[in-house]
Amino acid sequence: MADSSVEIIEGCRLPVLRKNQENEDEWPLAEILSVKDIPGRKLYYVHYIDFNKRLDEWVTPDRLDMKKLQFPKKEAKTPTKNGLPGSRPSSPERDVRKSLDLNIQSASAPSRGKTLPTPKRKAESVSLATQVTAATPVPSLPSSAEASQASVYPAMRDPSFSIKSREEHEQLTSLTTNGTTRRLIPSQPGRKRKNCGGTDEMVKVFQNNNPRCSTVFLPPGEDSQDSSDGIPSAPRMTGSLVSDRSHDDIVTRMKNIDCIELGRHRLKPWYFSPYPQELTTLPILYLCEFCLKYRKSLKCLQRHLTKCNLRHPPGNEIYRKGTISFFEIDGRKNKTYSQNLCLLAKCFLDHKTLYYDTDPFLFYVMTEYDSKGFHIVGYFSKEKESTEDYNVACILTLPPYQRRGYGKLLIEFSYELSKVEGKTGTPEKPLSDLGLLSYRSYWSQTILEILMNLKSENGERPQITINEISEITSVKKEDVISTLQYLNLINYYKGQYILNLSEDIVEGHERAMQKRHLRIDPKCLHFTPKDWSKRGKW
């Protein structure tokens, strides 16, 4: 359907033919990211709008609907200073200062009949945060409306969010249930807000006539979440794998590796990974499945395998049960392996970036054993010292092993390490779409398992606190509460929080637990936590 008389350039948008999950034809809108000429025809690299980037692909001209072609809009002319041509445009920092001055003037100076230009949204939000931070204390709890939008856990910190005053925050702290709005935290004048760690009020569990359904009462004094969406007070001094989306360019938006051969599997990468440029033109990139070194041909890989003595990841084996093992790898001691692991993982993780300085990280690699050795299934990394209680930086199950329970096993193992360390933990945000689903499911099953196993003692109703749930599971307290909100269990009634475990939720949980065959056995874990703060350079 492509018209040869019209030249398609980068940035154009038009419908592109693709197959959906039911193998039916559909024409979603797509953006042309790149065009390349090969002998005899052209190929177009397209990104389907509102679809995940892993679906991006090279397409032929016959899959393009030229009748609905949209050319990219011309960019606005560069703004000039005082409207004079030839003047240098102001820097972003000056724009922020101007918007600050503009907001201050608009708040203090009387109107003289002139309409002031509206500042850009980004500059306006930065200026607002700057002003309020200096004068108004940041509330310790985000509103439940924000928590419900975040689904399960707080969203990634965004400097463009607006900070509300405490009075506005109190008004917004409500929960909508069955079409009615109920207050989660009633405003109590003169009452001081507690810190997150000081919650000791009891949660009463009442058994209904149906023994499998319970109602949990939470007192109104319980703080629901930390101010994890606030502006950080100081920059982090340790490593992070969160991707800075501001540096995305046309190169990193496109997949550069066509196929990876890893052991007996061939993998189709989902995203860009910074492998050496000369390897990106190869039809297949060959990796050693034990040391993860990359080779350009099968003959080079076979030659490498005659010299490679590894049959398992380097590092200490800290867990083994059946054919499943976990290895702990120090990013400083095994730098080459850690870098190769990051390169492979970046092919399937879009929200994380690659740091060649792997010294601040530990890598926990899960393997499956057979007669040929220990084959990598997935891994997660964590900071040696985390100032924000992160117990996972990146987490990945390789595509051949997905949808088999290994993702939840990795998550469960990360929390098992946190239990040994005596800490509560949370994954570094943002997570990928698949990571979000896995964590949401794990938190739901873990918390429901505890609530359903509560038993009354001496004829009294069982009681438990949010802190006790957090200590038992090592799940951070705000993750516990946001999971209850996601499950729509939490209500507010007569001055107390109520959690209703309905028959449908109980039956769904039991069905899910029957399918979950892989579990971590704490008795098989041989792990001694280290105090990295006492080690100069690790």
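Residues numbered from 1 in each chain as written. Predicted model: local features only at pLDDT ≥ 70, side-chain atom pairs only at ≥ 80, totals over all residues. Heavy atoms only, no water.

### Some points on the overall build of the protein chain
Thought 1: Helix and strand counts for the protein chain come out as 11 helices and 24 strands.
Thought 2: Excluding contacts between residues fewer than 6 apart, the proportion of contacts in the protein chain whose partners are at least 24 apart in sequence is 64%.
Thought 3: Surface exposure of the protein chain reaches about 30,000 Å², of which carbon and sulfur atoms provide 50%. (Helix = DSSP H or I, 4+ residues; strand = E, 2+ residues; numbered from the N terminus. Contact = heavy atoms within 4.5 Å. Areas by Shrake-Rupley, 256 points an atom, 1.4 Å probe, with all protein chains shown as cover.)

### Comments concerning the packing of aromatic side chains
Centre-to-centre distance and the angle between the planes together describe a pair of aromatic rings.
Thought 1: Within the structure shown, the criterion is met by 17 aromatic pairs.
Thought 2: Pairing Phe326 with Phe413 gives two aromatic rings, centres 3.8 Å apart and planes at 5°, and the pair type is stacked. Taken as a pair, Phe326 in strand E16 (residues 324–330) and Phe413 in helix H7 (residues 406–421) lie far apart in primary sequence, 87 residues in all.
Thought 3: The buried category is assigned to Phe326, whose relative accessible area is 0%.
Thought 4: Residue classification places Phe413 among the buried positions, given a relative accessible area of 0%.
Thought 5: Within the aromatic cluster, the residues linked to one another by ring pairs are Tyr319, Phe326, Tyr364, Phe380 and Phe413.
Thought 6: One residue, Lys384, lies across the ring of Trp532, its end atom 4.8 Å from the ring centre.
Thought 7: Against the face of Tyr486 rests Arg440, its NZ or CZ located 4.4 Å from the ring centre. (Phe/Tyr/Trp six-rings, centres within 6.5 Å; stacked < 30°, edge-to-face > 60°. Buried < 20%, exposed > 50% of the residue type's maximum accessible area, 1.4 Å probe, protein only. Lys NZ or Arg CZ within 6 Å of the ring centre and 35° of its normal.)

### Let's talk about unusual backbone geometry
Thought 1: Between Lys429 and the following residue, Pro430, the backbone shows a cis peptide bond with an omega angle of 0°.
Thought 2: The phi angle at Arg403 is positive, at roughly 65°, despite the residue not being glycine.
Thought 3: Residue placement: Arg403 occurs in the loop between strand E20 (394–397) and H7.
Thought 4: Phi at Ser474 takes a positive value of approximately 65°, unusual for a residue other than glycine.
Thought 5: Positionally, Ser474 belongs in the loop between helix H9 (466–473) and helix H10 (477–486).

### Some details on the sheet that holds strand E17 (residues 361–370)
Thought 1: Taken in spatial order, the five strands line up as E15-E16-E17-E18-E20 in an open sheet, and their pairing is antiparallel. The sheet terminates laterally at strand E15 (316–321) and E20, the two strands that pair on one side only. Between one strand and the next, the sheet's axes are offset by a mean angle of 20°, whatever the strand orientation.
Thought 2: Here strand E18 (residues 373–383) runs beside E20; their pairing, made up of four bridges, is antiparallel. Residue pairing in the sheet places Gly378 in a bridge with Thr397 of E20.
Thought 3: Along the sheet, H7 makes contact with E15, E16, E17, E18 and E20, crossing E18 at roughly 55°. (Pairing = 2+ DSSP bridges. Axes fitted to C-alpha atoms, helices over the stretch in contact; angles between N-to-C directions.)

### A few points about the nonpolar core
Thought 1: By size, the foremost hydrophobic cluster in this structure holds 77 residues, and its most contacted members are Phe326, Leu344, Tyr379 and Phe413.
Thought 2: Every residue in contact with Phe326, bar those within four places of it in the chain, is listed here: Asn316, Glu317, Ile318, Tyr319, Val365, Met366, Leu409, Leu410, Phe413 and Ile520.
Thought 3: Grouped together as the second largest cluster of nonpolar side chains are 13 residues, Ile8, Cys12, Tyr44 and Leu64 included. (Core = buried A, V, L, I, M, F, W, Y, C linked by side-chain atoms within 4.5 Å.)

### Notes on the pattern of salt bridges
Thought 1: Applying the stated criterion across every chain yields a total of 20 salt bridges.
Thought 2: A salt bridge links Lys19 to Asp25; the nearest nitrogen and oxygen atoms lie 2.6 Å apart.
Thought 3: The exposure class assigned to Asp25 is partly exposed, which follows from its relative accessible area of 48%.
Thought 4: Residue Asp521 pairs with Lys321 through a salt bridge whose shortest N-O separation is 3.6 Å. Residue Asp521 is found in the segment after helix H11 (503–515), and its partner Lys321 is found in strand E15; the two are separated by 200 residues along the sequence.
Thought 5: Residue Lys321 is classed as partly exposed on the basis of its relative accessible area, which comes to 42%.
Thought 6: Salt bridges sharing common partners tie together Glu412, Glu449, Arg516 and Arg519. (Salt bridge = Lys/Arg side-chain N within 4 Å of Asp/Glu carboxyl O.)

### Remarks on helix H6 (residues 335–346)
One turn of an α-helix holds 3.6 residues; hence residues three or four places apart share an orientation.
Thought 1: For H6, spanning 12 residues, the distance from its first C-alpha to its last is 16 Å, which sits close to the expected 16 Å at 1.5 Å a residue.
Thought 2: Most of H6 is tucked away: nine of the 12 residues are buried.
Thought 3: Residues of H6 that are buried include every one of Tyr337, Ser338, Asn340, Leu341, Cys342, Leu343, Leu344, Ala345 and Lys346, and no others. (Expected span 1.5 Å × (residues − 1).)

### Observations regarding the environment of Phe380
Thought 1: Along the chain, the position of Phe380 falls in strand E18.
Thought 2: Taking the C-alpha atoms as reference, Phe380 lies 9.8 Å from Ala345; in sequence the two are 35 residues apart.
Thought 3: With residues near it in sequence (within four places) discarded, Phe380 still touches Leu362, Phe363, Tyr364, Asn391, Val392, Cys394, Ile395, Leu410, Phe413, Ser414 and Leu417.

### Structural notes on the packing of helix H8 (residues 433–452) against H9
Thought 1: Close contact between H8 and H9 brings their axes to 11 Å; oriented N to C, the two are set at 115°. For the pair H8 and H9, the crossing hand works out as right-handed. Here Thr446, Ile450 and Leu451 of H8 lie close against H9, whose contacting residues are Ile469, Ile472 and Thr473.
Thought 2: Among the residues making up the contact of H8 with H9, the classes are represented as four nonpolar, two polar and no charged. (Left-handed = near helix turned anticlockwise from the far one by under 90°. Nonpolar A, V, L, I, M, F, W, Y, C, P; charged D, E, K, R; others polar.)

### Remarks on the UniProt feature "active site" (unreviewed entry) in the protein chain
Thought 1: Under the local residue numbering, the UniProt record ascribes the feature "active site" (unreviewed entry) to Glu428.
Thought 2: Position of Glu428 relative to the elements: it lies in the loop between strand E21 (426–427) and H8.
Thought 3: Among the residues examined, Glu428 registers a relative accessible area of 1% and is labelled buried. (UniProt positions renumbered as here; feature names shortened; annotations may be inferred.)

### Quick word on H9
Thought 1: Among the residues making up H9, those that are buried are Ile466, Asn467, Ile469, Ser470 and Thr473. Around the axis of H9, the buried residues are gathered within 160° of arc, so they sit on the same side.
Thought 2: One or two residues past the end of H9 sits Ser474, with phi positive at roughly 65°. (Arc of directions from axis to C-beta.)

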